[in-house]
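Summary of structural features
In case you want the letters, here they are:
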Amino acid sequence: MDRIHSLEGDAVRILAELENLDRELILIDEQVGESAISEEIRRLRERIKAREDGDVILRLGSRVYRIDRDIIKALPFGLGNALIVSFRIA
């Protein structure tokens, strides 16, 4: 019985800590707001998501283009796979 109460106490403590972390995250987001740092973080998250999805990321100068992997693979004569491989090598 004491073990159950101990587990319940631990669970309550963990939930309280998670709620505190959520509040801190909200405060940090509000402080950072629309700064250059938050914009860069947003761009990094987008690039990470694109890589997880297998999309191709092209950087030309200061511009970054995300090309859907499925569009490239749909090219005729298997050119899509060759392009994806060449982009990954480059």
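Whatever comes next refers back to the structure up there.
Let me sum up the structure you'll find in this document. These figures come from a predicted structure and were not determined experimentally.

**Thoughts on the overall build of the protein chain**
A tally of regular secondary structure across the protein chain gives four helices and two strands. Seen in sequence order, the protein chain has helices and strands lined up from the N terminus as α-α-β-β-α-α. For a compact globule of 90 residues, the expected C-alpha radius of gyration is about 12 Å, and the protein chain comes in at 22 Å, more than 25% above that figure. In terms of overall dimensions, the protein chain has C-alpha extents of about 70 × 35 × 20 Å along its principal axes. Looking at the protein chain as a whole, 9% of its 90 residues qualify as buried. A sequence separation of at least 24 residues applies to 13% of the contacts in the protein chain between residues at least 6 apart. On the protein chain, roughly 7,900 Å² of surface is accessible, and the fraction owed to carbon and sulfur atoms is 60%. Looking at charge distribution, the protein chain has the averaged site of its 15 positive side-chain charges lying 11 Å from that of its 18 negative ones.

**Some details on the pattern of salt bridges**
Pairing between side chains of opposite charge can happen when their charged atoms approach one another. Evaluation of the coordinates by the stated rule reveals five salt bridges. Where Arg13 meets Glu17, a salt bridge forms, and the shortest distance between an N and an O atom there is 3.2 Å. Separated by four residues within a single helix, Arg13 and Glu17 lie in helix α1 (residues 2-32), roughly one turn from each other. As a salt-bridge pair, Lys49 and Asp53 come within 3.0 Å of each other at their nearest N and O atoms. Separated by four residues within a single helix, Lys49 and Asp53 lie in helix α2 (residues 36-53), roughly one turn from each other. For Lys49, a relative accessible area of 43% translates into the label partly exposed. A relative accessible area of 31% means that Asp53 is categorised as partly exposed.

Procedures and definitions
- Residues numbered from 1 in each chain as written.
- Predicted model: local features only at pLDDT ≥ 70, side-chain atom pairs only at ≥ 80, totals over all residues.
- Heavy atoms only, no water.
- Helix = DSSP H or I, 4+ residues; strand = E, 2+ residues; numbered from the N terminus.
- Rg over C-alpha atoms; globule rule 2.2 N^0.38 Å.
- Buried < 20%, exposed > 50% of the residue type's maximum accessible area, 1.4 Å probe, protein only.
- Contact = heavy atoms within 4.5 Å.
- Areas by Shrake-Rupley, 256 points an atom, 1.4 Å probe, with all protein chains shown as cover.
- Lys, Arg positive; Asp, Glu negative; His and termini not counted.
- Charge placed at Lys NZ, Arg CZ, Asp CG, Glu CD.
- Salt bridge = Lys/Arg side-chain N within 4 Å of Asp/Glu carboxyl O.

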